[in-house]
Every structure is written in C-alpha cells, then in structure tokens.
Amino acid sequence: MAAEGGKSFARRDRLLEIEAKVQTWWEDAHVFRAESREKAPEPGEKFFGNFPFPYMNGFLHLGHAFSLSKLEFAAAYQRLRGANVLFPFGFHCTGMPIKASADKLKREINQFGKSPDFSTEVEEQVVQEPEVEDANDGVPPEKFKSKKSKAASKSGGQVYQWEIMRSFGLSDEEIPEFQDPYKWLRYFPPLAVEDLKALGMGVDWRRSFVTTDENPFFDSFVRWQMRKLKSMGKVVKDVRYTIYSPLDGQPCADHDRATGEGVQPQEYTIIKMEVVAPLPPKMGVLEGRKVFLAAATLRPETMYGQTNAWVLPDGKYGAFEINETDVFILTERAALNLAYQGHSKVPQKPSCLVELTGNDLIGLKLKSPLSFNEIIYALPMLTILTNKGTGIVTSVPSDAPDDYMALQDLKAKKAFREKFNVKDEMVLPFEIVPIINIPEFGDKAAEKVCLDLKIKSQNEKEKLAEAKRLTYLKGFTEGTMLVGEFTGRKVQEVKPLIRSQLLETGEAIMYSEPEKPVLSRSGDECVVALTDQWYITYGEPEWKKMAEECLANMNLYSDETRHGFEHTLSWLNQWACSRSFGLGTRIPWDEQYLVESLSDSTIYMAYYTVAHILHDGDMYGNSRSPITPEQMTDEVWDFILCDGPYPKSSDISSSILNKMKQEFEYWYPFDIRVSGKDLIQNHLTFSIYNHTAIMSKKHWPLGFRANGHIMLNSEKMSKSTGNFRTIRQSIEEFSADATRFSLADAGDGVDDANFVFETANAAILRLTKEIAWMEEVLAAESSLRSGPPSTYADRVFANEMNIAVTTTEQHYRNYMFREALKTGFYDLQAARDEYRFSCGAGGMNRDLVWRFMDVQTRLITPICPHYAEYVWRELLKKEGFVINAGWPVADVPDLKLKSSNKYLQDSIVMMRKLLQKQILGSKKGNKKGAQVSTLPEDHKLSGLIYVNEQFDGWKAECLNMLRSSFDNNTRSFTATDDGKIVDAIHSSSVRPGADKKITQKVCMPFLRFKKDEAVAIGAQALDLKLPFGEIEVLQENLDLIKRQLGLEEVEILSITDPDALAKAGDLKRLINQNPPTPGNPTAIFLTR
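In this text, all values refer to a predicted model and were calculated from it rather than measured experimentally.

J.: Break down the overall build of the protein for me, with residues and values.
T.: A count of helical and extended segments in the protein gives 34 helices and 36 strands. Over its C-alpha atoms, taken along the principal directions, the protein stretches across nearly 115 × 90 × 65 Å. Counting only residues that meet the buried cut, the protein has 57% of its 1088 residues in that class. When contacts within the protein are restricted to residue pairs at least 6 apart in sequence, long-range pairs at least 24 apart make up 76% of them. Distance between charge centroids for the protein: 4 Å, based on 133 positive and 151 negative side chains.

J.: Got a sec to walk through the sheet that holds strand β31 (residues 753–755)? Specific residues and values, please.
T.: Pairing is mixed across the open sheet formed by three strands, whose spatial order is β30-β29-β31. The sheet is open, and its two edges are formed by β30 (715–716) and β31, each paired on a single side. Examined bridge by bridge, strand β29 (residues 710–712) and β30 share two bridges and lie antiparallel to one another. Its bridge partner lying in β30, Met 711 is registered against Lys 716.

J.: Explain the confidence of the model for the protein to me, and be specific about the residues and the numbers.
T.: Taken as a whole, the protein shows an average pLDDT of 90; of its residues, 94% reach a score of 70 or greater. Confidence drops under a pLDDT of 50 for residues 122–158, and excluding neighbours within four residues, the segment shows 119 contacts in the predicted structure. In the predicted structure, residues 925–933 sits below a pLDDT of 50 and forms 29 contacts with residues beyond four places in sequence or in another chain.

J.: An account of the sheet that holds strand β8 (residues 250–251) is requested, with residue identities and associated values reported.
T.: Spatial strand order, β8-β7-β23-β24: four strands in an open sheet with antiparallel pairing. Bordering the open sheet on either side are β8 and β24 (575–576), each of which pairs with just one other strand. Of the pairings in the sheet, the one linking strand β7 (residues 235–245) to strand β23 (residues 527–536) comprises ten bridges and is antiparallel in character. Within the sheet, the bridge partner assigned to Thr 242 lies in β23 and is Ala 529.

J.: Describe the packing of helix α24 (residues 817–839) against helix α32 (residues 1038–1045), with residues and values.
T.: Where α24 meets α32, the axes come as close as 9 Å, and the angle between the chain directions of the two elements is 95°. Here α24 is positioned roughly perpendicular relative to α32, judged by the angle of their axes. Contact residues: Phe 837, Ser 838 and Cys 839 in α24; Leu 1040, Arg 1043 and Gln 1044 in α32. Class assignment for the residues of the contact of α24 with α32 results in three nonpolar, two polar and one charged.

J.: Report on the pattern of salt bridges, specifying residues and quantitative values.
T.: Scanning all chains against the criterion turns up 66 salt bridges. With its nearest N and O atoms 3.0 Å apart, the salt bridge here joins Arg 417 to Asp 424. Taken together, the shared-partner salt bridges in this structure form one network comprising Glu 35, Asp 204, Arg 206, Arg 207, Lys 659 and Glu 663.

J.: So what's going on with empty space enclosed by the protein? Residues and values would help.
T.: Taken as a whole and judged by the stated rule, the model has six cavities of 30 Å³ or more. Together, 14 residues line the largest cavity, and Ala 793, Val 796, Glu 834, Ser 838 and Asn 901 are the ones closest to its centre. Mapped onto the lining of the largest cavity, the elements with two or more residues apiece are α23 (792–813), α24 and α27 (895–920). By residue number, the principal contributor to the lining of the largest cavity is α23, which donates five residues.

J.: Which residues make up the pairing of strand β21 (residues 508–514), and what are the values?
T.: Taken across its seven residues, β21 has six buried, putting it largely inside the fold. In terms of strand pairing, strand β10 (residues 265–275) meets β21 through seven bridges, oriented antiparallel. When the sheet's bridge partners are listed, Thr 269 is paired in β21 with Met 510.

J.: Summarise the environment of Asp 256; cite the residues concerned and give the values.
T.: Relative to the helices and strands, Asp 256 is located in the loop between β8 and β9 (257–259). The spatial distance from the C-alpha of Asp 256 to the C-alpha of Ser 245 is 9.4 Å, given a sequence separation of eleven residues. Excluding anything up to four places from it in sequence, Asp 256 contacts Met 96, Pro 251, Ser 520, Arg 521, Arg 579 and Ser 597. Here the side chain of Asp 256 touches Arg 579 through a polar contact of 3.4 Å, side chain to side chain.

J.: Let's hear about unusual backbone geometry: which residues, and what values?
T.: Between Ala 277 and Pro 278 the backbone carries a cis peptide bond, its omega angle lying at 0°. Structurally, the position occupied by Pro 278 is in the loop between β10 and β11 (290–297). That bond from Tyr 668 to Pro 669 is cis: its omega, 5°, falls within 30 degrees of zero. With respect to the element layout, Pro 669 can be found in the loop between α18 (654–667) and β27 (672–676). Unusually for a residue other than glycine, Asp 616 sits at a positive phi of about 50°. Tracing the chain through its elements places Asp 616 in the loop between α16 (605–615) and α17 (634–641). One non-glycine residue, Asn 713, lies in positive phi territory at about 55°. By relative accessible area, Asn 713 is classed as partly exposed at 31%.

J.: If you had to explain the side chain of Thr 561 to someone new, which residues and values would you point to?
T.: Relative to the helices and strands, Thr 561 resides in helix α15 (residues 559–571). With sequence-adjacent residues up to four places away left out, Thr 561 is seen in contact with Leu 556, Ile 680, Ala 706 and Val 750.

J.: Can you tell me about α16, naming the residues and giving the values?
T.: Burial within α16 is extensive, with eleven of its eleven residues counted as buried. Every buried residue of α16 is accounted for by Met 605, Ala 606, Tyr 607, Tyr 608, Thr 609, Val 610, Ala 611, His 612, Ile 613, Leu 614 and His 615.

The rules behind these values
Residues numbered from 1 in each chain as written. Predicted model: local features only at pLDDT ≥ 70, side-chain atom pairs only at ≥ 80, totals over all residues. Heavy atoms only, no water. Helix = DSSP H or I, 4+ residues; strand = E, 2+ residues; numbered from the N terminus. Buried < 20%, exposed > 50% of the residue type's maximum accessible area, 1.4 Å probe, protein only. Contact = heavy atoms within 4.5 Å. Lys, Arg positive; Asp, Glu negative; His and termini not counted. Charge placed at Lys NZ, Arg CZ, Asp CG, Glu CD. Pairing = 2+ DSSP bridges. pLDDT = per-residue confidence, 0-100. Axes fitted to C-alpha atoms, helices over the stretch in contact; angles between N-to-C directions. Parallel < 35°, antiparallel > 145°, perpendicular 65-115°, else oblique. Nonpolar A, V, L, I, M, F, W, Y, C, P; charged D, E, K, R; others polar. Salt bridge = Lys/Arg side-chain N within 4 Å of Asp/Glu carboxyl O. 1 Å grid on protein atoms, 1.4 Å probe; cavity = no way out; pocket = protein on both sides within 12 Å on 5 of 7 lines; lining within 4 Å. Points joined across faces, edges and corners; volume = space filled by probe spheres on them. Polar contact = N/O pair within 3.5 Å; in protein donor to acceptor, adjacent residues only side chain to side chain.

If you want it as structure tokens, here you go:
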C-alpha cells in the first residue's frame, strides 16, 4: 500500500492500475482509430471535433486539459451513442517562443558555460515568470510577465532558461541539446502524446503532426494555402501601423506577446507647436533648428480653442531630431515609436540632442496651428501620464473638463503660479474660446459640466472622468462647429477634413502607439512601427460578408460567444502574416519571411482528414508513406480540398488520390472546434475567414464552443505561486479518471471554471467504493429479489433510471458536462441509495440492480472511461468495449411518478419533524433516513396521517381566479389584482369570515404563496388536486413510513371523513392547528 505522511493512496493506486490495464486493451484493439466509410454520412452519423493544437515549448498542463476535456467528453459521448468519431490532435511549433528560448539558452551557455551555477549572480535581472492563464490551446502555455528582482534565482524565480529546462526534469547533460530549436520539436510532442494517452483521450494518433518545415507535408499544405490566398487577392503587401518588437526586429502578433494580447495601435495627430525664439539657455544646442512641442491629440478639430499647452513639471522629456531641420520635444517612449514610423533622423533610433524636464519647458512661448491665440504658453499640469501620448498636451478649456479645471486652478491660485515660475501674463489674459455647440451643454461644455458637477479642483479625478464621459462622445457625435471654414457642420464630419488639412500643410503628423502596454516574449516593450510587409486582407467588405454568413449558420452554444465573434468581425482588419524570426513555413513567393503562427493554423483541420495517409504514423512526416512531399502539389491539394479537377500531371496513384479526397469529403465540415474564449479575437475568427475564402460553402465550419479559463482551488493557475499542475502531475496525484471527473465538475460556461483538488480526491473515493459495492452485490447476487419489478419502490427506481438516461443525454448533447455528471452519476447514485433503503426486508430487485449497473456505467463512460471499461468487462462480464456499447435504452420518464415519490419523501421528512415535536419536544427532525429516537420498550408508537386531496371553499375559488390569468408559456400572470380577488371571495358564500379584514388576512398569504409557486413550477401549482392520489401513494408505502419513523402501526385517513377525525381523540386540536392541504398531509402520533 502506497502511503505518504500517514495517508493511504491505495484507492488512487487501484485506479492507476485499472487505467494502465484498460489503456492496454484500447491500444491492442485500436479502438480510437477513425475510418471513413464509402457512403456519405447521414446527419448525426459522423462526428469530427478538433481543438487548437497546443504550443510545444513545455509540458501540457491542466489549463490545456480543461479546454480539451470539453471535446473529449463530447467525442466520447458521440462514440458511445454509435457515431463514427474522428478526434485528431496536432502540435504547434510555429512562431518565435521556441526559437527565442533556444537562443536564450545559447546565450547563457556562452556566458556561464555548461552546468552553470547561478547562485552568485546578483546583477539585476528581468524575471521571466511563467504564468499560466488558460487552456489557450494554440497559445504557448507559458506567458511571461516582467518584474525586477535581484538574485531572483535565490528566491526561486526562474530567471534563466537553464533553470526552466531543469524544471522540466532535464539533466544538465541533456539541456545543451536544446540550443537547437528543432530539439524541442523532437522532445516535447512525444511526451504530450504520452500524457494524453495516460489521460485516456480518444485520439486517432495516426493523424498527429507537428507544424513548421520540419514536417515537409504540412509545409506543403501551408504553402498551398498561402499561394491560394494570394491568387485570390487576399494577401497583399502594404505599409501600415503594426505592433512591433524592436528587439526581435519584427511585428509582434498576439501569440508572440507575453502581455497585451488583443492590443491594437492607437492613432493620434501630433500637433507641431512651434517654440518661439529666443530659446532658453538649456536649449542653446537647438539654435538654428525648428523646435516644436509635439502634442498628441485625438481631437484635432478642437485646436481652434487652444489657450496653452500642458507639460508635467517633473516629467522627463528630450529634444529629438526628426530630420535635418525639425526637432520635437516629447518623451523618449514617444520618440522611439516615431523612430519606427519614419520620423527620426536615424531610422529606428531616436537621436536626443538634449535631455529636459517639464520644468525646463514651462513658460515657453508657442505658436500653435489653428489657435485663435497667436501666442500661447507651456504651463504645468500635474495629472499628465507620460506613458500615453507624447507627454505634451494641448489645452482646450472650452471642451475638455481637465483643461478647464487646470486653467482655473492656475488663474485662481497665485501661489501655484509662483511655485512653477508662471507669470500672470501667461495665464490670466486667456479666456475660453467657444468653438463647438453641444446640445444640453452649449458652447462652453467643459465649464458647464464642471459647474453642474461642482468640481473644485483638477485633482478630483473621478468627477472629471464623469464630466468627460458626459461631454466627450456627445460633442463628437452631436456637436456643431462654431468657428473656422467648416462653421455649421457636424464635428464628426469635419474632424477628418481638419486633420487632413493639418497634415497637408505640414502643421501636424500622424502618430501611433500601442493602446495599452505590450511586452513581447523576448521581454521587450513593443512600439508601433510603420512596416512594409505581407498582410491578409481580413475586413475586406465582400469577404467579411461571407464570414458573417458562415457565423450566422454556426452553433456557438452561447450568446456571449456569438457577441464576441460579432464584435471581432466589426473591427478586424488587415493582419500581418509574415515574420522574419522564429520557426515555420517560408512565404512561398518571398522566402525571406516566415508565415506567422496564427496564419498557418486556420484551416489545418482539413489536413487531419488525410494526415494518416501522408504520415503513416510519423508525426514529422519522415515516414514510409507511398507519397512524397514533393508530390503534394497545389493541383493535388486543390483536387482533395477544393473540388478542383483531377491532377492528371500527378504521379500519385489514382486510388490514393481518390482515397484522400473521399476522406476529406466524408469528414468535412468539422462539427465542433473547442477552444478557450481568448482565441475568438484572432485564431477562431481567422479560421472562419479562411474557410469561406478557400472552401466551398458545404465545407464551412458547423460549430465553435468557447470556454473560460480554469482556476485551481479558486485561485489563478500560476507557476510562481505553485498553484499549478501539469497533466502528468495531476494523473500521478489523483489518477486519470479522478482528474477527468474534476474537470467535468469544474464548470461549462464561458466564465472561469474551478478545478478543485477535493473534488478529485472525492472522486477517487466514490469510484473505488462503487467498484467495491458492485463486487459485493455480484458476490451475493442470489440474495436479490427475483422476478419482474413489482413494488412502488421498483417503479420509482426504474423511473429514476429512465430520467437519468434522458436528461444526461441532453446535457452531453449541449456540452453541459457538469450537469451530465450530476444527473448521470450523483443523482443516479442517490436514487440507488434511496431504493436500497425503500426496499426493506424484501430486498432489491435483481433485474433493476443489473440495469442500474449497466446504465450508470454507460452514463459515466465519457467522463471516467477507464473505470467504466473495467466495470463493463471485469465485473459485468460484457462483450466488446463500453466506449462504443451504445447509449442505454430508456422508457419515457413518468413525471407523475417522480412527483408522487417527491411527495412521499417530503411527507416523511415533514412527519419526522412533527413526531419530534409531539413526542420528544424538539422542533428539529433527524436527518433524512435516520429513525426517530426510540421510546421505552413498553411503549408502542402509532401514527394517524390525515390527507386532504383537494382544495375546496375559498381556496378553490382563489385558484380558479388565478388560473384564468396565468400564462404557462411565460410563467407569469397577465393581470391579477389581489385586492379584487379578495373582494370577490368576501362577497361569495365561501368566505372564510364575516369580517373583511379576516378574509384579507387569511387569503393574501395563500394568494402570494400560490402565485410564487406557479411562477416557479408552472400551472400545475394552481390545480385543485395533485396529479396522483395521495392516499394511494401513502397506503402503498406504509412499510417504508413505519421504518423511517419507527412506528408500530400507521393509518392513512381522509380529513373529509368525520369518523377519521374522531380517532384523533384529544389530539384533534393538533390537526386543527395544522390542517392538511393538497400536497401537505399532517400527522399525529399516539403511544399505547
């Protein structure tokens, strides 16, 4: 018995033994191999699901497993019900992370040698902290964030690539081999296969492959795809703004980023505010140049109203050479962005002539384009952010609340002006210049909103943010120009016109920067560069229409997912598809570039359909296949995937060519692609676009299902905190089936889910105890009651199994696996336990027990297949494999029987409470199933249960009136006036009392209760009687009631029978205090 720290792991080890045995059975029988059939599949006959291939720079972790489990459970359900299932799996190696890590390792070896000792290294390092965010699928599993640390290795931070490699379990002798990036491709994918097999994934491994030119067949496929897009005019060379890594020397797309995924360039207009001579002494080096404060603005149309410029007094600025004549004063960060946009004397390298602070700039005389004030001044503002824009801000106090309050502060506070050496003439003469009229706010919107909100200072940030919210968008969409040549026209019409004029006259330039910080995986802060490279023309109107048509016909399983796609389609534009650094396939017509990692992974799902023929079981494509990569020409790919003509020039045999085409036609379109929701904004939308461009409409994707990220024990997965598990670690700790059980229980929506270790441990206990129970029952099978099911308990149990089969199938179909686990395992076990107790001395029915074991085993198969397979073969002695045994057959659930059993169980609980109160003086009943504390031996306890099976009198009248105004479809009342109902009751012959107040006091609670009940469960709540006979149900279960309550005798009586009431004797008062109503019997208890 395995034990650690006194804790036994025998149960887990038993599951691990079972899993190893079952996996051998599956391997020997090739149960997960998917073979197409000659005849085209009917709807529901085949199932092709796939998952964005994970990035191979480390081990797969529970984040991958969570997203992957959604596909695995769905595929397993489809296989179980008899569908022909294709579940393939590939490995993504394209892009820069592997190459960057290999190069980093090489640098460390050059610096420290092999088997390095980092313990004495105390220089300040950038800590690359792997931080797992989700199941990203196609995104590399380790995301890095940057922070400063000294001797970080001493505190456990993995600074060095060498240490990261050690954490993978590699020896110091093995690590140097990983300087070669292709070593990673040979090392990690086979380990991933091992882990996924150990987890029980039902994958056809013959179809697996790696990406990049390491796999010549896939390389051929991507080259064909890119040539296809280019021939259709969907790949173009263009110059545009792109997020760019200076260190890597190439654009930084989403999957190349450590932080800032989804961030786009933000475009500004830089207003050239000319510094008027004489220059201050510190700027003497700039004499003879044109010197400008470079202010970035999003609202060039407001420049008419400038009263000054703002600078941050302690901000760091520089005077940077833009060309031979012009010098811009701005922050170094902004200068770096400009240098990559063609605005630097030295391309891509800012040239700073003098370093300055904001204090050096305060008081500068300026001439600014469009300003009605011929001279304005640079003034101090304390709230400027130097990590956004250029650090220089234009001031338009007529329309900008921040500008208005900052100017008012300077005007009103002489001490403030003196602190920064601001002379009165730089501030006091400048008044608001009305330039735009905004409905509700007039021509001085900033002043009005600040007065309305009672803002007193530029430091009231929250109020100023609200002021901006109220005026900014309204000014743009509804404002009208009051000045300039466009007077009278709408602001949103003239903004681009004024901007164009400023650019044409040279008074402004375009400027762009990342809208939020972006860090590349090399640890480099990204800029926006103006790059000349290859782009895919996403967003092109006609192509976008096709993508929208495809999306409209897809099953996306949630409104939130659909909204995510619709939003992405609304903004997605040209996408840079070429890179100069990393691994991948070369752009076939421009081989200096590689196809970037999101562009080679858009239609590869089609590659799965023929991969087993091309690869012959070798994921690297270096196999004994009868086809060579060179034979896979564009004509061949067109024939297979695009209904192209037969490639007569091909020397591939016609039988193989036709077989590949038949495979594709059989499996495509794929039915579902499961992914983390973060891929909606790129990969998944790209997939839609590329399918609509390259493939016929009949092959467009049918469905995407997106899920949230996964937490461990309610905390974010993170290597740095230790709250992290690889798939391998989880299997070793919990077993595969307990891991799968907890993954299913973690959650199914697009919100973040939660993998709970206690759930996995509880699964170990539940599964092993269930095996033990079945072994015990089967060993004593002869003691079970034979013959057909006959008792009430038999009927209820059979019905519960029918309900479980029906509802669980619906949950599997809807990808609601947590619910499937509940109805197909938890609820079914609870029904079995209730049945076992209900049967009493008569025992359980043999046929029902066998059916239960069969049904439960099949229902849990998609989630816990090893356990189910073991039970199927070893305990139930069934033929074949449970994974394809067929969904269990069930009768239509009897909802009336289920309702009657709920009534019975609820009544027993209620009676137990009454018994406690009457006999033992306690208000609390014992737990369900536990007998009430016994009386002395010489006392015999009996019970009289009184039932009222139908509402009558004023209650019946109330219900009839409520029923007439209830809409069962919407579960709402159309128009009910409770007061009118009470008036009607009081006026009737069945009123509960002569005083109307009594009628109101009695009727209102009943009305409210019944209305709430109807909204909750439907119109049946307003029926006068239950859909079954209460007396009949209780009479049939007298033995159960006796055992549950510890009674010698029980009698079921109708409250409408006068003789029945007489049996209560002195306890009749208890019945009057708590009279029975339909669905709520009451009971009294007698001792003799």
